[in-house]
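One letter stands for each residue in the lines below.
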Amino acid sequence: DSSIALTGVRSFGSEGRRKDGPQIPPSAEEYEYIIFRGSDIKDLEVKASPADPAAAPAAPAAPAQPPAKPAAPPARAGG
């Protein structure tokens, strides 16, 4: 399963793309982050990029693994 996470996201609404039903208006709210399932993405278009690419956060080459569970403390002898 794939996914894509975006930070600093604004919704521009449906922008006239919906053929049936009501259009979704744009929102002035900025979301800290949004995660999309890969199966839900039909098209992806980047509208802007950072002015300084070095200032952009580095993207991981692979999805982050969940943190390892801490080891159980050693059993005490003689209880």
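Now for a look at the structure at hand. This one's a predicted model, so the numbers in the text were calculated from it and none came from an experiment.

## Some details on the overall build of the chain
Link 1 in the chain: Along the backbone of the chain there are 0 helices and 2 strands.
Link 2 in the chain: The 79 residues of the chain split such that 4% are buried.
Link 3 in the chain: Contacts spanning at least 24 positions in sequence make up 50% of the contacts within the chain whose residues lie at least 6 apart.
Link 4 in the chain: Carbon and sulfur atoms provide 57% of the accessible area of the chain, an area that totals close to 7800 Å².

## Details of a nonpolar patch on the surface
Link 1 in the chain: Residues Leu6, Phe36, Ile41 and Leu44 make up a contiguous nonpolar surface patch of roughly 320 Å² in combined accessible area.
Link 2 in the chain: Mapping Phe36 onto the fold places it in strand β2 (residues 30-37).

## As for unusual backbone geometry
Link 1 in the chain: In this structure, Glu15 takes a positive phi of about 50 degrees despite not being glycine.
Link 2 in the chain: As for its placement among the helices and strands, Glu15 is situated in the loop between β1 (3-10) and β2.

## Regarding the environment of Phe12
Link 1 in the chain: When you line up the elements, Phe12 lands in the loop between β1 and β2.
Link 2 in the chain: You can call Phe12 partly exposed: its relative accessible area is 44%.
Link 3 in the chain: The sequence separation of Phe12 and Pro26 amounts to 14 residues, and the corresponding C-alpha distance is 4.2 Å.

## Overview of the side chain of Ser14
Link 1 in the chain: Structurally, Ser14 can be placed in the loop between β1 and β2.
Link 2 in the chain: The buried category is assigned to Ser14, whose relative accessible area is 6%.
Link 3 in the chain: Of note is the side chain of Ser14, whose polar atom sits 2.7 Å from the side chain of Gln23.

## A look at the pattern of salt bridges
Two side chains carrying opposite charge are able to pair once their charged atoms lie near each other.
Link 1 in the chain: Applying the stated criterion across every chain yields a total of 2 salt bridges.
Link 2 in the chain: Among the ionic pairs, Glu15 bridges to Arg17, the shortest N-O distance being 2.7 Å.
Link 3 in the chain: Owing to a relative accessible area of 53%, Arg17 belongs among the exposed residues under this scheme.
Link 4 in the chain: Where Arg37 meets Asp40, a salt bridge forms, and the shortest distance between an N and an O atom there is 2.8 Å.

Rules of the game
- Residues numbered from 1 in each chain as written.
- Predicted model: local features only at pLDDT ≥ 70, side-chain atom pairs only at ≥ 80, totals over all residues.
- Heavy atoms only, no water.
- Helix = DSSP H or I, 4+ residues; strand = E, 2+ residues; numbered from the N terminus.
- Buried < 20%, exposed > 50% of the residue type's maximum accessible area, 1.4 Å probe, protein only.
- Contact = heavy atoms within 4.5 Å.
- Areas by Shrake-Rupley, 256 points an atom, 1.4 Å probe, with all protein chains shown as cover.
- Patch = residues over 30% accessible without salt bridge, like charges linked within 9 Å, V, L, I, M, F, W, Y side chains within 5 Å.
- Salt bridge = Lys/Arg side-chain N within 4 Å of Asp/Glu carboxyl O.
- Polar contact = N/O pair within 3.5 Å; in protein donor to acceptor, adjacent residues only side chain to side chain.

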